[in-house]
Amino acid sequence: MTTETTAQLWPAEVTLERDGIRVEPLALAHEDGLRKAAADGELWNIRVTTVPEPAQTRGYIEAALKQRAEGNRLAFAVVDAATGEVIGSTSYHDIVPAIQRVEIGYTWYAKSRQRSNVNTLCKLMLMQHAFETLGCAVVGWRASHMNFASQRAIERLGAKRDGAIRHHAPLRDGSPRDTVMYSMLAAEWPAAKAKLEARLTKGAATETTLTRDAKITLAEITKDNVNPIVRMNPGAVGERMVATNGISIAQGTYSKNAWFRAVMANDTPVGFVMLFDPTLALEAAKTQDEALDSLYIWRLMIEFKHQGKGYGEQVMKLIIERAKSMSTIRTVSLSYVQRDGNAKPFYERMGFRETGKVTDGEVEVALPISRA
């Protein structure tokens, strides 16, 4: 169901409804409902979102209405059509009528409605209206480099990652964020629409059948798997921490001590790992600033869309098992960049501890190998 209510600004205000979910123009009348939705999970405490605190709800709506008057934003309340309960909010924003562009964002839902079909329904309705009614040439999205859930949700829509604008905007706590930009062209919409419709029909939450139970192995890089490995995206945070896989493969090719492999989940490439193994060429290793009794993790990345499934931990266990099979190896070591979002908590959970060595701003950690 689609109902237009005004046409003074582009896009005109509109109400969209499908499968029990309605998006309608945000108004002051939604204040109480919006406050209750945000309280479901105390969403304002999440650092990477812009969900209003209870006392700021009216100001949040007034700011959206001001942006509407300026032609920059059309905000919606997301409503349970059966009960009339407000369950979240979303918007068209950064609207550029001259080139028929809108972005979809300012999106959040009550915690009890997350991991349901609500987001897919809302995005499908807004994208369909943008491309098929408004005649948009492009629809865009943006997310904080720290908001991994939002980035994955955008990628599941079929949007293409355009890149990241570094040091672009403040987070809630005032620290700077990188902004990851995505877009979808009108020509890409039919295929994306078909996938979203199929997802709703099947009730599927993801585009892939790979789960935490997938078998992780380390395989040689061949002509059959090199292209997807080179194209892998570690996410905006990962890009700040590690070189691309293409560079790593090139560097590994020219190092006698490099041991690099594709990370495979079942038969699908999902990551890349490269070790500095002193045992491969001991004399060459002696010329490097690396311990001869340590297996050094030079590079490790899991593709962004497959992060959060425990694959990195499984890779670490395989590396540790490899180290245990090598009689001269006493530790597994690595170093990490001292930046927001680094993997220090992960390394600590795996048992790595700081050695006290810091090189070019990177902190070295090591894990003693036990062969008991």
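Residues numbered from 1 in each chain as written. Predicted model: local features only at pLDDT ≥ 70, side-chain atom pairs only at ≥ 80, totals over all residues. Heavy atoms only, no water.

Quick look at the nonpolar core now. Membership of the largest hydrophobic core comes to 36 residues, with the highest contact counts inside it found for I21, V78, Y92, M127, V139, W141 and W189. Ranked by size, the runner-up nonpolar core spans 31 residues in total, among them V270, V273, I319 and L367. (Core = buried A, V, L, I, M, F, W, Y, C linked by side-chain atoms within 4.5 Å. Buried < 20%, exposed > 50% of the residue type's maximum accessible area, 1.4 Å probe, protein only.)

A complete count under the given rule lists 7 aromatic pairs for this structure. Between F260 and F272, the aromatic rings sit 6.4 Å apart at their centres with planes inclined by 35°, giving tilted as the arrangement. Placement of the pair is F260 in strand 11 (residues 258-265) and F272 in strand 12 (residues 268-276), with a sequence separation of 12 residues. On the basis of relative accessibility, which here comes to 0%, the residue F272 falls in the buried class. Summarising the aromatic geometry, the rings of Y347 and F352 are spaced 6.2 Å apart at their centres and angled 65° between planes, so their arrangement reads as edge-to-face. Residue class for Y347 comes out buried when judged on its relative accessible area of 14%. Exposure remark for F352: the relative accessible area of 1% places this residue in the buried category. Put simply, the rings of Y336, F346, Y347 and F352 pair up and form one aromatic cluster. (Phe/Tyr/Trp six-rings, centres within 6.5 Å; stacked < 30°, edge-to-face > 60°. Helix = DSSP H or I, 4+ residues; strand = E, 2+ residues; numbered from the N terminus.)

Bringing the sheet that holds strand 14 (residues 331-337) into the picture now. Strand order across the open sheet formed by 7 strands is 10-11-12-13-14-16-15, with mixed pairing between neighbours. The two strands at the open ends of the sheet, each matched to only one other strand, are strand 10 (216-219) and strand 15 (353-359). The mean angle between the axes of side-by-side strands here comes to 30°, regardless of whether they run parallel or antiparallel. Sheet topology places strand 14 next to strand 16 (residues 362-368); 7 bridges connect them, and they run antiparallel. Paired with T331 across the bridge in strand 16 is P368. (Pairing = 2+ DSSP bridges. Axes fitted to C-alpha atoms, helices over the stretch in contact; angles between N-to-C directions.)

Among the structural elements, H30 can be located in the loop between strand 3 (21-25) and helix 1 (31-39). Accessibility expressed as a relative area gives 11% for H30, which makes it buried. Side-chain polar atoms of H30 contact the side chain of E24, separated by 2.6 Å. The contact partners of H30, leaving out residues within four places of it in the chain, are E24, P25, I61, A77 and V86. (Polar contact = N/O pair within 3.5 Å; in protein donor to acceptor, adjacent residues only side chain to side chain. Contact = heavy atoms within 4.5 Å.)

Counted according to the given criterion, the structure contains 22 salt bridges. With its nearest N and O atoms 2.9 Å apart, the salt bridge here joins R113 to D80. Of the two residues, R113 is situated in the loop between strand 6 (101-109) and helix 3 (118-133) and D80 in strand 4 (residues 73-80); the sequence distance between them amounts to 33 residues. Taking the shortest distance from any N to any O, the salt bridge between E132 and K193 comes out at 2.9 Å. Taken together, the positions of E132 in helix 3 and K193 in helix 5 (residues 189-202) put the pair 61 residues apart, joining distant regions of the chain. (Salt bridge = Lys/Arg side-chain N within 4 Å of Asp/Glu carboxyl O.)

Note that every value here comes from positions in space, so none of it alone points to a role or purpose.
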